[in-house]
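So you can see what is in the structure, the chains are spelled out below.
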Amino acid sequence: MRRLSSFQGTNILRDSFLRKIDYLRISVTDRCNLRCRYCMPEAGVPSVGHGGILSYEELYRVARVSVELGVRKIRLTGGEPLVRKGLIDFIASLAQLPQQPELTLTTNGLLLAENAVALKQAGLSRINISLDSLQPERFKEISRRAGLEQVLAGLEAADAVGLAPIKINMVPILGVNEDEIADFARLTFENPWQVRFIEFMPVSSGLDYTPDQLYPAARIQADLQQVAELNEEERPGILGPARIYRLQGAAGTIGIIPAVSEHFCRECNRLRLTADGYLRPCLLSPDEIDLRTILRSGVDDEGLAALLEKSVAAKPKQHQLEESSVGGRRMQGIGG
Ligand code: SAM
Ligand code: SF4
């Protein structure tokens, strides 16, 4: 089913439920320099080998055709995107696309201090930094590696070069770090950042935290209301799963992403490309298209566009988290 329509000469990609799909998340690697207990096994992931992940040329081609179809925002994620060599040049090539999509990156921040200037110069628009504790020992406990100081240096460097607005992603987990919600929220008083609280998704097997450690959006909101008056922000025309608030008098904002406790699928605007080259219509749907094999079999741009449209058409109305999982994958293989 072709859902491509044209509006004032600009392509628009719509799924079967008429949602506009204009956001592509690309996982550029499944490797990572941390081992967060809610995401990765201690031993890391089995290597898929050099040819197992898409080359930058292949990724560029998927991005270019997606943008021609109507994608307006590309997020690079992982694994940890900054561990893949050549990422800066890849971003620079995406920045040359005539449609000038917004280019963003989600990173754990460990390698950010030394890369912030180059990322900005390459054309990155802004950045999300994942950080689950402001306490060095706890950071190490959650991510199985030391590194809080490096992440904070990365945050400072990203701020200094203007990769703004900086968004900080925090996953509160009951009995682990939920007592830091107020500390994270207070960062927004002085800094024009967006601190986002993402519900823990107990979606892969073998993680160190259990489903009963999910700290629901309602409790996050109640904790925030203890810090100061919490006002919801108007976001006319902006889609996406986050609910946005501002603490009274704060320079920055707060996001709550009720990934599990509420269905935000009505607002879904995204497609995902996994590091090993599978197009995934929904984070929680195993209904993938093996783009890697198809790209390597010499498909032309029209064929590639048809597959992207097929993946968009396969987007489910909403995920069934209760009945689903990430289908044998872990979050780092999909990109969160
Ligand atoms: N390594 C990068 C980072 O950590 O920002 C990018 C990849 S990571 C998979 C992307 C996001 O997914 C991070 O913000 C991380 O906290 C989040 N994430 C990973 N596993 C999760 C889970 N089980 N529940 C909720 N969020 C998760
Ligand atoms: Fe690595 Fe990001 Fe997963 Fe942590 S959340 S293990 S930093 S991919």
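Residues numbered from 1 in each chain as written. Chains lettered and ligands numbered in written order. Predicted model: local features only at pLDDT ≥ 70, side-chain atom pairs only at ≥ 80, totals over all residues. Heavy atoms only, no water.

A.B. asks: I'd love a proper account of helix H9 (residues 301-313), names of residues and values included.
C.D. replies: For H9, with 13 residues, the first-to-last C-alpha span of 18 Å sits near the 18 Å given by 1.5 Å per residue. For H9, the full list of buried residues reads Leu 304, Ala 305, Leu 307, Leu 308, Glu 309, Ser 311, Val 312 and Ala 313. (Helix = DSSP H or I, 4+ residues; strand = E, 2+ residues; numbered from the N terminus. Expected span 1.5 Å × (residues − 1). Buried < 20%, exposed > 50% of the residue type's maximum accessible area, 1.4 Å probe, protein only.)

A.B. asks: Talk me through the site of ligand 2; I want residue IDs and the actual numbers.
C.D. replies: Around ligand 2 sit eight residues, and of these Cys 32, Cys 36, Cys 39, Met 40 and Asn 108 come closest. Across the shell around ligand 2, the residue classes tally to five nonpolar, three polar and no charged. (Near = heavy atom within 4 Å. Nonpolar A, V, L, I, M, F, W, Y, C, P; charged D, E, K, R; others polar.)

A.B. asks: Help me get a handle on the site of ligand 1, residues and values and all.
C.D. replies: As a matter of local geometry, ligand 1 sits amid 18 residues, with Tyr 38, Gly 79, Thr 106, Ser 130 and Met 201 nearest to it. Within the contact set of ligand 1, a nitrogen atom lies 3.2 Å away from a side-chain nitrogen or oxygen of Glu 80. Here an oxygen atom of ligand 1 and a side-chain polar atom of Asn 169 are 3.4 Å apart. For ligand 1, whose free accessible area comes to 550 Å², the fraction covered by protein is 94%. (Polar contact = N/O pair within 3.5 Å; in protein donor to acceptor, adjacent residues only side chain to side chain. Areas by Shrake-Rupley, 256 points an atom, 1.4 Å probe, with all protein chains shown as cover.)

A.B. asks: Tell me about the sheet that holds strand S10 (residues 243-247), residues and numbers included.
C.D. replies: In spatial order, the strands read S9-S10-S11-S8-S7-S6-S5-S4-S3-S12-S13-S14; together these twelve strands make up an open sheet with mixed pairing. The open sheet has two free edges, formed respectively by strand S9 (230-232) and strand S14 (289-290), since each of these has just one partner strand. Looking at chain direction, strand S8 (residues 194-198) and strand S11 (residues 253-257) are connected through five bridges and run parallel. Across the sheet, residue Phe 197 finds its bridge partner in S11, namely Ile 256. Contacts between helix H1 (residues 56-69) and the sheet are confined to strand S3 (23-27), strand S4 (73-77) and strand S12 (270-273), with S3 contributing the most and set at about 175° to the helix. Together, S12, strand S13 (278-280) and S14 form the strand contacts of H9, whose direction differs from that of S13 by roughly 35°. (Pairing = 2+ DSSP bridges. Contact = heavy atoms within 4.5 Å. Axes fitted to C-alpha atoms, helices over the stretch in contact; angles between N-to-C directions.)

A.B. asks: Describe in detail the packing of aromatic side chains, supporting the description with residues and values.
C.D. replies: With the rule as written, the count across this model stands at two aromatic pairs. Seen in terms of ring centroids, Phe 200 and Tyr 209 are 6.3 Å apart; in terms of plane orientation they differ by 90°. Their pairing is edge-to-face. The same class applies to Phe 200 as to Tyr 209, namely buried. The positively charged end of Lys 73 is found above the aromatic ring belonging to Tyr 23, 4.4 Å away from the centroid. (Phe/Tyr/Trp six-rings, centres within 6.5 Å; stacked < 30°, edge-to-face > 60°. Lys NZ or Arg CZ within 6 Å of the ring centre and 35° of its normal.)

A.B. asks: Now, about unusual backbone geometry: what can you tell me, with residues and values included?
C.D. replies: Residue Gly 79 follows Gly 78 across a cis peptide bond; omega there is 25°. Mapped onto the elements, Gly 79 comes out in the loop between S4 and helix H2 (87-95). In this structure, Pro 165 follows Ala 164 across a cis peptide bond, with omega equal to -5°. Tracing the backbone shows Pro 165 in the loop between helix H5 (148-161) and strand S7 (167-170). One non-glycine residue with positive phi stands out, namely Gln 100, at about 45°. Mapped onto the elements, Gln 100 comes out in the loop between H2 and strand S5 (102-107). Given the relative accessible area of 63%, Gln 100 is considered exposed. Phi is positive for Arg 144, which is not a glycine, with a value near 60°.

A.B. asks: Outline the packing of H1 against H2, supporting the account with residue identities and numerical values.
C.D. replies: Here H1 crosses H2 at 25°, and the two axes come no closer than 11 Å. For the element pair H1 / H2, the angle class is roughly parallel. Read as a crossing pair, H1 and H2 show a hand that is right-handed. Facing Tyr 56, Leu 59, Tyr 60 and Ala 63 of H1, the residues of H2 in contact are Leu 87, Phe 90, Ser 93 and Leu 94. (Parallel < 35°, antiparallel > 145°, perpendicular 65-115°, else oblique. Left-handed = near helix turned anticlockwise from the far one by under 90°.)

A.B. asks: Lay out H2 with the relevant residues and their values.
C.D. replies: Those residues of H2 not exposed but buried are Leu 87, Phe 90, Ile 91 and Leu 94. The buried residues of H2 all sit within an arc of 100° when viewed along its axis, so they share a single face. Among the structural elements, H1, S4, S5 and helix H3 (116-122) are those in contact with the buried residues of H2. (Arc of directions from axis to C-beta.)

A.B. asks: With reference to specific residues and values, describe the pattern of salt bridges.
C.D. replies: Under the counting rule described, the total for this entry stands at 14 salt bridges. The partner of Glu 58 in a salt bridge is Arg 296, and the shortest N-O contact between them spans 2.8 Å. Here Glu 58 is found in helix H1, whereas its partner Arg 296 is found in helix H8 (residues 291-296), with 238 residues between them in sequence. With a relative accessible area of 15%, Glu 58 lands in the buried category. For the salt bridge of Arg 61 with Asp 301, the shortest nitrogen-to-oxygen distance reads 3.0 Å. One end of the pair, Arg 61, is in helix H1; the other, Asp 301, is in helix H9, and 240 residues separate them in sequence. We classify Asp 301 as partly exposed; its relative accessible area is 30%. A single network of salt bridges, built from pairs that share partners, joins Arg 37, Glu 141, Arg 144 and Asp 208. (Salt bridge = Lys/Arg side-chain N within 4 Å of Asp/Glu carboxyl O.)

These figures come from the coordinates and say nothing about function on their own.
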